[in-house]
Structure formats: structure tokens, C-alpha cells
Amino acid sequence: MECSWKTVLLLVCASLGVQYTAIRTLRDSLSGPCQGAYHCSRWRALCDDSWMPVESPRKHILLFATTRSGSSFTGQLLNQHPGIFYVFEPLYHVQQAFTNSSSRLRRSLDRRALLGAYRDLLLNLYTCDLHFMENYIRPEPQDHVTSSFFRRSSSHALCSPPVCLEGGDAAASDPPDETWCPKKCGALNLTLASVSCLSRGHVAIKTVRVPEVGDLRTLTEDPRLDLKIIHLVRDPRAILASRIMAFSDQFRAWKIWNATGRQPRYVDLSQITSTCKDMVASAETGLQRPAWLRGRYLLVRYEDLAFNPKDKATEIYRFVGLEMEHRVRMWIAKNTNSNVSSPSEWNYRYSTTRDSRATAESWRLRLGFDIVRTVQNLCNDTLALLGYKQVHSAAELRNLSY
């Protein structure tokens, strides 16, 4: 049955309460041994074939990384696939809800409780129940509609039909700001987002908020999911350089140190130390290939992706079991060899338009040798495990032929 988008909108939006029940019923019907079959005649009658549920095994993909490791860029490789429903940092809402709770409540919450909330949300998103996010989005959505969905513009699925009738091909333009999608599409209807999720066939989520891959074990062992984890790592010296640039207020002491060459009296080393500790713990776990992670873990160095984007993207798609669509190849060609004409694109914190080779090595021109030597001492094990060479002089640091 074919019908116009206006008809679809009228049918889907007739009653949000009815939709909610239908979505939950549909999700529950897919949670058993037949998950992925998608014999969903109810939804078939509502839509044309351009966004019908795909009759293939459902893929659940997690891009697991740390802040400023190139995850926004890498996530777009998944976002470009027309069959993938991609969500950027949904765990941000959980973190914010916990942070904004009363101090008494915060004191009662430990790491285990936060990680439990993270896993619950990931599970519900992988089963396309976006209403579950209403527990964390602030201000609380009204009638399943919100204007506060974090980084909505980073997801093609949330800025195109059936979620946004005005979206069309606009999502493919990758504008370097976060305002265009809400302006064009209005507030986000979580019910329509759930419908879009079901129609896309596969779900990919990017997060930098889970500390170690071991924290994801219950999800890899959940029979309702076929979870594949892409562990993105980056040279910790490059991570620090990117954080100093992107979060100058938080890294003010580091910025002063880098500008003057003199270490301030107090510099917080704990964040980079913790980053390296978590990175090496996760990599060691993944490379040991425990039974619960075997066949579900892929370690990717951002530098390898930046220097050989087509080959590494092909490896990533082979790992998750999907064909790399032409649209993905076109995005790679456009966004890895870019001579950015507008400085605002470079200044935008989450820009994915770049000369990827130059970006991978730019930390060597930004950081002073004293800072680099400090990070090398703090993260010696991480550098060794992941195959990053140390530099031993300022001249060696600046010599990009090395």
C-alpha cells in the first residue's frame, strides 16, 4: 500500500497514546526468538516502502570511545548508512539528570548505579523504545515531544521523514552547527523517532560516557541483542591537545603551561591519567578475547582511520556485517581531504569536516615538548600497548617526517 507523507503523518499522529501502546507492543513482539524478522503488517499498512522495516538480522552497534578521540567523525561513518538509526551521545541525558539531582541523592548514587542507568537506556534504545529517554530528558517532554534532545542534528534519522517531513536530503549536507535541524523540523516527537528506529533496521549509538568495555558485559550477553562494539582509541597526547582547544575553561592551567612553557603550580593530571587507565584496561580486555566479547569487539586507532579512511571504514563495516553504501563512500571522499574554506567550520567543536591526515598529527605542532613528555610519563603503558611512539626531544616532536 502506498500513501503520501501527509497521510502517514495524520495516521501516526492521530493519537500519541495509541502510538505509545503500539510501539511498546511492537517492540515486545520483536524481543523474542524471532527478533529481526519484522513481519509487521500493522506498520506496513501505514507506510510506503521507502521506510519499511528491513527483513534482515538487526544489527546493534556501539561506538565506544573517550572524549576528543575522533568519535564524532567516526560516528558519521555509521550515520551515513541509510539503514542505520544513529544516536549521538544519548547517555548525556542520564549524566545530566544525575548531576542535577539533589546533593543528597547524588551522594547516594555510586558508579554502579550510574552505569546501570546507562545500560538500561542503551537496551531500550536498541529495542527502539525512545520513550524511555523521557526519564532523563530535562525539561520533561510533554506528550512525548521535546526540544531538548542532545545533538539531534547529528542524526540523519532524527532530521528526516517520518520524524521530520521537511528534512528530505537536507540531512546529507552536514552543516557545521546544531541549530538547523530544530529550526527546520521543530520539536522532536519521540513516538515518530521510535517508528523511524524500527523502520531503519539497525541501530548505532555513540558514547564517551562508559568508562571501560567491561561495563558493557551484560549487554553483550543479552539474548535480545547482537551487540558489536567498536572501540575507538587515539593517541593520548592528541586527546589532550584537542581537549585544551575545545574546553579551554576546564584546561586553563594546561593552556597557560602550553603558552608559556612553564608549568603552573597546580595542574590537574587526574583526567588524562584516568583516560589512559580506562583506555588500556578496555584494550587489554578486548585483545584477550574473553568469551562474552569474542567476535563482538573491534579495536580501531583513530590515526589509522585518518590516514586510511576507506580501508578502515571498510573494515568497520565488515565487522558489523553491513555493506558500505555509496553514500558512505561519498561522505568519506568529501570529509577526509577537505580544504576548509570557512574558519567557523574548524572552530566548531564537533566539526567532522577536515583534512584527516593533518588533523591526526596536528597535536605535534600545538603542544610544547614539556607537556608531551609529562603525558608520555603518565601514559607510558597506554602508548606501548597501542603502538604509539614516544618522542625524546622538541626537534623530534616537530619533525613530522618522523
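Structure: above.
Remember, predicted model here, so these are calculated numbers, not experimental data.

A.B. asks: Would you explain the state of the cysteines in this entry?
C.D. replies: Among covalent bonds in proteins, the disulfide is the one between the sulfur atoms of two cysteines. Here the structure, examined in full by the defined rule, presents four disulfides. Cys159 shares a disulfide with Cys181; S-S distance 2.1 Å. Between Cys159 and Cys181, the S-S dihedral sits near -110°, and the bridge is therefore left-handed. Separated by 22 residues along the polypeptide, Cys159 in the loop between β3 (145-146) and α8 (180-185) and Cys181 in helix α8 bring together distant segments of the chain. Looking at Cys159, the relative accessible area reads 0%, which means it is buried. Overall, the relative accessible area of 0% leaves Cys181 in the buried class. In this model, Cys276 is linked to Cys379 through a disulfide, with the two sulfur atoms separated by 2.0 Å.

A.B. asks: Honestly, the pattern of salt bridges in this entry has me stumped. Any pointers?
C.D. replies: Note on pairing: side chains with opposite charge can pair once their charged atoms come close. All told, the structure shown has eleven salt bridges when counted by the stated rule. For Glu89, the salt bridge is made with Arg209, and the minimal N-O distance between the two is 2.7 Å. With a gap of 120 residues between them, Glu89 in the loop between β2 (84-88) and α5 (91-99) and Arg209 in the loop between β5 (202-207) and α10 (217-220) connect regions that are remote in the sequence. Judged by relative accessible area, which is 2%, Glu89 ranks as buried. As a salt-bridge pair, Arg301 and Asp304 come within 2.9 Å of each other at their nearest N and O atoms. For Arg301, a relative accessible area of 23% translates into the label partly exposed. Residues joined in a network through salt bridges with shared partners are Glu89, Lys206 and Arg209.

A.B. asks: Mind showing me how you'd approach the packing of helix α12 (residues 252-260) against helix α20 (residues 369-378) here?
C.D. replies: A pair of packed helices is captured by two measures, namely the crossing angle of their axes and the spacing between those axes. In contact at an axis separation of 8 Å, α12 and α20 are set at 130° when each is read in the N-to-C sense. On the basis of the axis angle, α12 is oblique to α20. Listed contacts from α20 to Trp254, Trp257 and Asn258 of α12 are Asp370, Ile371 and Thr374. When the residues that make up the contact of α12 with α20 are grouped by side-chain class, the tally is three nonpolar, two polar and one charged.

The rules behind these values
- Residues numbered from 1 in each chain as written.
- Predicted model: local features only at pLDDT ≥ 70, side-chain atom pairs only at ≥ 80, totals over all residues.
- Heavy atoms only, no water.
- Disulfide = S-S within 2.5 Å.
- Helix = DSSP H or I, 4+ residues; strand = E, 2+ residues; numbered from the N terminus.
- Buried < 20%, exposed > 50% of the residue type's maximum accessible area, 1.4 Å probe, protein only.
- Salt bridge = Lys/Arg side-chain N within 4 Å of Asp/Glu carboxyl O.
- Axes fitted to C-alpha atoms, helices over the stretch in contact; angles between N-to-C directions.
- Parallel < 35°, antiparallel > 145°, perpendicular 65-115°, else oblique.
- Contact = heavy atoms within 4.5 Å.
- Nonpolar A, V, L, I, M, F, W, Y, C, P; charged D, E, K, R; others polar.

Shape descriptors only; they carry no functional weight alone.
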